[in-house]
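The chain contents come next:
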Amino acid sequence: MKSLLSKLGKVLFVSFFYAQSCMANEIYVNQVGDDLTLEVVQDGSGNYFQYCAINNDSNCTDMNGNAHGWADGVASDDSTVTSSTVGDDNTVVVAHATGQNNTNENITNIDIVGDRNKAQSIFSNPSNGSHSYSNMDWGGLKESNIEIDGDDNTVKHQSDSYGEVEANISVTGDDNSVIVYQRSMRNVANVDVTNGGGPVTANIQQLGSGWQDTGLNSYSVTQFCANSNGCSVSVTQY
């Protein structure tokens, strides 16, 4: 049975809090069912947004890996979650399960402009299929598009694949740090980090030879740092 959110097809949350307000604008969504399109817009003050469609608290955590202990929905096919945040104490956490059919797509689009950013997009690996050690049938697309422009950034993407994975991440100003983790059955990661007068620190792990590997991997990093004791990209790929 599909949840009310799924039946609505597309859901838009808009949350505005102006400078004089001292209230947080926190949004939590626990999803059950397929074909969800969710869009969340937050503007100003103590933002926080967390989406979960995984029936396992260990995969539905905050930025520090702490589970919140609530019901977290279940694996969901063909869900697109879009979060747009402008200003103040941002933090966006999303968790998709990877779905139950071979062609499902779960996509996260996160766009943050300004202030204490942090973002995360976790996927987990219940996928259907018939992968007998090589016909590439398991799983569907798991894609994170994360873009941050300015202030104390931290970006994460995690996958534990069983099927197609992709991450397109772009960070520009201030105290960057990007961590991408993917596990094989095909991976792609494009990371573009800047600052221009300092940090960056990226750590990209694609890790084949696990979860029935079958090759590919692939990454591209564009980094512009101009030091001042910043920079450092480390890629583990096998």
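The rules behind these values
Residues numbered from 1 in each chain as written. Predicted model: local features only at pLDDT ≥ 70, side-chain atom pairs only at ≥ 80, totals over all residues. Heavy atoms only, no water. Helix = DSSP H or I, 4+ residues; strand = E, 2+ residues; numbered from the N terminus. Contact = heavy atoms within 4.5 Å. Areas by Shrake-Rupley, 256 points an atom, 1.4 Å probe, with all protein chains shown as cover. Buried < 20%, exposed > 50% of the residue type's maximum accessible area, 1.4 Å probe, protein only. Polar contact = N/O pair within 3.5 Å; in protein donor to acceptor, adjacent residues only side chain to side chain. Salt bridge = Lys/Arg side-chain N within 4 Å of Asp/Glu carboxyl O. pLDDT = per-residue confidence, 0-100.

**As for the overall build of the protein chain**
In step 1: Scanning the protein chain from N- to C-terminus turns up 1 helix and 16 strands.
In step 2: Restricting the contact set of the protein chain to residue pairs at least 6 apart, pairs at least 24 apart contribute 62%.
In step 3: In the structure as shown, the protein chain presents an accessible area of about 10,200 Å², 47% of it carried by carbon and sulfur atoms.

**So, the side chain of asparagine 153**
In step 1: One can find asparagine 153 in the loop between strand E9 (141–149) and strand E10 (155–157).
In step 2: For asparagine 153, a relative accessible area of 1% translates into the label buried.
In step 3: Within the structure, the side chain of asparagine 153 is placed 2.6 Å from the side chain of asparagine 176, a separation counted as a polar contact.
In step 4: Excluding residues within four positions of it along the chain, asparagine 153 makes contact with Asn117, Ile148, Val171, Gly173, Asp174, Asp175 and Asn176.

**Some thoughts on unusual backbone geometry**
In step 1: Its identity is not glycine, yet aspartate 115 carries a phi of approximately 80 degrees, on the positive side.
In step 2: By secondary structure assignment, the location of aspartate 115 is in the loop between strand E7 (105–113) and strand E8 (119–123).
In step 3: Of note in this structure, aspartate 174 is not a glycine but carries a positive phi near 70 degrees.
In step 4: Within the secondary structure layout, aspartate 174 lies in the loop between strand E11 (165–171) and strand E12 (178–181).

**Considering the pattern of salt bridges**
In step 1: In the structure shown here, the tally under the stated rule is 1 salt bridge.
In step 2: Between arginine 116 and aspartate 152 there is a salt bridge, with its nearest N and O atoms 2.3 Å apart. With a gap of 36 residues between them, arginine 116 in the loop between E7 and E8 and aspartate 152 in the loop between E9 and E10 connect regions that are remote in the sequence.
In step 3: Exposure remark for arginine 116: the relative accessible area of 39% places this residue in the partly exposed category.

**Quick look at the environment of aspartate 89**
In step 1: Among the structural elements, aspartate 89 can be located in the loop between strand E5 (79–86) and strand E6 (92–96).
In step 2: Look at aspartate 89 and you get partly exposed, because its relative accessible area is 45%.
In step 3: A sequence separation of 27 residues divides aspartate 89 from arginine 116, and the C-alpha atoms of the two residues are 4.8 Å apart.
In step 4: Excluding anything up to four places from it in sequence, aspartate 89 contacts Ser45, Gly46, Asn47 and Arg116.

**So, the confidence of the model for the protein chain**
In step 1: The predicted model of the protein chain averages 76 in pLDDT, with 74% of residues at 70 or higher.
In step 2: When the criterion is pLDDT under 50, residues 1–8 qualifies, and its contacts beyond four places in sequence or with other chains add up to 19 contacts.
In step 3: Residue range residues 15–22 is modelled with pLDDT below 50. Its contacts to residues more than four positions away, or to other chains, number 13 contacts.

**Things to note about the environment of asparagine 104**
In step 1: Residue placement: asparagine 104 occurs in the loop between E6 and E7.
In step 2: Spatially, the C-alpha atom of asparagine 104 lies 8.4 Å from that of serine 79, the residues being 25 residues apart in sequence.

**Considerations on the environment of valine 155**
In step 1: As for its placement among the helices and strands, valine 155 is situated in strand E10.
In step 2: Along the backbone, valine 155 and isoleucine 179 are 24 residues apart, and their C-alpha atoms lie at a distance of 6.3 Å.
In step 3: Among residues more than four places away in sequence, those in contact with valine 155 are Ala119, Ile146, Ile148, Ile169, Val171, Ser177, Val178 and Ile179.

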